[in-house]
Each structure stands twice: as C-alpha cells, then as structure tokens.
Amino acid sequence: MNKTDQQKNNTYIDYWTKTGKSSKEANQSIKIAKTVTYTDKSGTKRTRTTFQHPILKDITFSKPHIRNSGLTEEEKKERFNKAPFSDYHDKLINSTYSRENRIAKQQMLKAIHDEKIQSIMFKKATHKLAVTKYNQGDCPNLLVVKLYDSNNLPYDFSSTPSRLSLEELRKKAETMNLEFSKSIRNYAGIEIWEKSEYMKKYNGGNYRFCIFREKQDTKSEKETKLAA
C-alpha cells in the first residue's frame, strides 16, 4: 500500500507536521556550520561541512548597552517623588530619623544600659554575700580592731572571722599592731576572740588576747632621753 492509499485510509503517519517542521527548522537555525579541510588517501584536498550546536568557546558575549537617561538631579528627584512607593518611603524615613523617634530610642538604650548595670551589681552583691557566708561558716575565731571614739572611749571598729588558731592570730595581730600604731591616729588596740565567746560578749564572754596600741615617744621625751 502506497502513501496515497495510506492517506485515504487514515493510516499514514505524518511524521513532519507543521509544528514538527517549524521546530526542526528552528533547531537547524541554531546550529553552526563547521568546515574541515583534509587530505584523502589519494592526496587530494577535500572539505567537509558539518552542522552542530555551538559549545561555549564558539559563543562570543557582548556587553549590553547601558541606557543613559540623561536626567538632571531635579528630574530624578521629581521622578522619585512620583513613584508609587515614595509616600511610604518618606513616612518610613520620618519615623526612623525624626526627633521624637530618636528621643525614644535614646531612652530605650539608656534603660537597657541601666538594667545591665543593675544586673551586674545584683550578681556582684549576691556573689559577695555567698563568699562571705562561706568564709564565715567555718571560722571559729575573730580578730577585732578597736578605735577611740570622740569621747576617747574604745569601740569595736571591725571584726574579721578567721580559720587561724588563737596563737596564729596573736602573732598576726602583733604585726598589725605595729603598723596601725604608726598610721591610725585614734587606734586603740586589737582583741582576739573565740566566736562563741564574742557572741555573749555582754553576758560574761571574755577575749583570749588583747594587744594594746604601741606607745609613741613624744618629742620632749626623746630630747630627755638624749640629754640623759
């Protein structure tokens, strides 16, 4: 059965329809022709042309032309103000950099800064309290420094808990006594207590050692000693 009979019986398959032919032509137009010169076995030079899709090295890229509108600054500003987003842009800029917003932002930053300082102070105080409780938890003895008040009466200026023994505290107090006698005008002396006795100081408690201020020679006393 020939082609005509196939078409009459609707059995002919038309491989190249109109769409197929146009696609084939478009595909063919993309291909590039490559001509190769060679010499055959008889020594005759011949040429062979083939069509194939280009590879990257066959393509030449050109820099696109940059359109120059040639607008002045005033024309650019007018075009910008007429843009659909210009009103929203202006409101956004004003809300970000206006004086009211800057004041609010400064107050917010100041509040954050103050909060950080308060947090650091709280953590430091908490740590100091914890360390103090730990240090005082196992300190059976006290070193008490006494000063004279305005009525020339001794009072407990400071009490320092210590893990040292009473004898060790006494030796340490003697060294401190020499220094305090020279540097502190109203210094009276040092007492060494057991903590349990100090807690009942006004109900019969007694200190274990009492070291009085070292007496300083006056100028007249020194002159008298030198004259003798």
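Residues numbered from 1 in each chain as written. Predicted model: local features only at pLDDT ≥ 70, side-chain atom pairs only at ≥ 80, totals over all residues. Heavy atoms only, no water.

Re the environment of Leu166
In step 1: Within the fold, Leu166 resides in helix α6 (residues 166–183).
In step 2: It is 7.2 Å that separates the C-alpha atoms of Leu166 and Ile192, two residues lying 26 residues apart in sequence.
In step 3: Beyond its immediate sequence surroundings of up to four residues, Leu166 is in contact with Asn141, Ile192, Trp193, Glu194, Arg208 and Phe209. (Helix = DSSP H or I, 4+ residues; strand = E, 2+ residues; numbered from the N terminus. Contact = heavy atoms within 4.5 Å.)

Structural notes on the pairing of strand β3 (residues 141–148)
In step 1: Within β3, seven of the eight residues are buried, which leaves it mostly tucked inside the rest of the structure.
In step 2: In this antiparallel pair of consecutive strands, β3 and strand β4 (residues 154–162), the connection spans five residues, and Asn152 shows a positive phi of 60 degrees.
In step 3: The sheet contact formed by β3 and strand β5 (residues 187–194) spans seven bridges and is antiparallel. Bridging from a neighbouring strand, Leu147 pairs with Tyr187 of β5. (Buried < 20%, exposed > 50% of the residue type's maximum accessible area, 1.4 Å probe, protein only. Pairing = 2+ DSSP bridges.)

Observations concerning a nonpolar patch on the surface
In step 1: Where nonpolar side chains cluster on the molecular surface, the patch consists of Leu56, Ile59 and Phe61 and spans about 370 Å² of accessible area.
In step 2: Among the structural elements, Phe61 can be located in the loop between β2 (45–52) and α3 (73–81). (Patch = residues over 30% accessible without salt bridge, like charges linked within 9 Å, V, L, I, M, F, W, Y side chains within 5 Å. Areas by Shrake-Rupley, 256 points an atom, 1.4 Å probe, with all protein chains shown as cover. Salt bridge = Lys/Arg side-chain N within 4 Å of Asp/Glu carboxyl O.)

Regarding unusual backbone geometry
Excluding glycine, residues mostly carry a negative phi; peptide bonds, for their part, are mostly trans.
In step 1: If you check the backbone angles, Asn152 has positive phi at about 60 degrees while not being a glycine.
In step 2: With respect to the helices, strands and loops of the structure, Asn152 is situated in the loop between β3 and β4.

Some words on the confidence of the model for the chain
In step 1: Across the chain, pLDDT averages 80, with 79% of residues at or above 70.
In step 2: Summarising per-element confidence for the chain, the mean pLDDT is lowest in helix α8 (residues 219–227) (43) and highest in β5 (93).
In step 3: Predicted confidence is poor over residues 218–228, with pLDDT under 50, and the contacts of this stretch with residues over four places away or in other chains come to three contacts. (pLDDT = per-residue confidence, 0-100.)

Things to note about the packing of aromatic side chains
In step 1: Counted according to the given criterion, the structure contains three aromatic pairs.
In step 2: With a centroid separation of 5.5 Å and 70 degrees between ring planes, the pair formed by Phe180 and Tyr187 is classed as edge-to-face.
In step 3: Residue classification places Tyr187 among the buried positions, given a relative accessible area of 0%.
In step 4: Here the aromatic rings of Trp193 and Tyr207 are separated by 5.9 Å at their centres, their planes lie at 75 degrees, and the arrangement is edge-to-face. Of the two residues, Trp193 sits in strand β5 while Tyr207 sits in the loop between α7 (195–199) and β6 (209–212), which places them 14 residues apart along the sequence.
In step 5: Relative accessible area serves as the criterion here: at 39%, Tyr207 is assigned to the partly exposed category. (Phe/Tyr/Trp six-rings, centres within 6.5 Å; stacked < 30°, edge-to-face > 60°.)

Considering α6
One turn of an α-helix holds 3.6 residues; hence residues three or four places apart share an orientation.
In step 1: Here α6 contains 18 residues, and its C-alpha end-to-end distance of 25 Å stays within 8% of the 26 Å for a straight helix at 1.5 Å per residue.
In step 2: Leu166, Leu169, Ala173, Asn177 and Ser181 are the residues of α6 that are buried.
In step 3: Check the buried side of α6 and you find it contacts β3, β4, β5 and β6. (Expected span 1.5 Å × (residues − 1).)

Observations concerning the nonpolar core
Taken as a class, soluble globular proteins show a tendency for nonpolar side chains to be buried jointly.
In step 1: Judged by nonpolar contacts, Leu143, Val145, Leu147, Leu166, Leu169, Ala173, Tyr187, Ile190, Ile192 and Ile211 together constitute the single largest core of ten residues.
In step 2: Those elements giving two or more residues to this core turn out to be β3, α6 and β5.
In step 3: Not counting the four nearest positions on each side in its chain, Leu169 is found in contact with Asn141, Leu142, Leu143, Ser162, Leu164 and Ile192. (Core = buried A, V, L, I, M, F, W, Y, C linked by side-chain atoms within 4.5 Å.)

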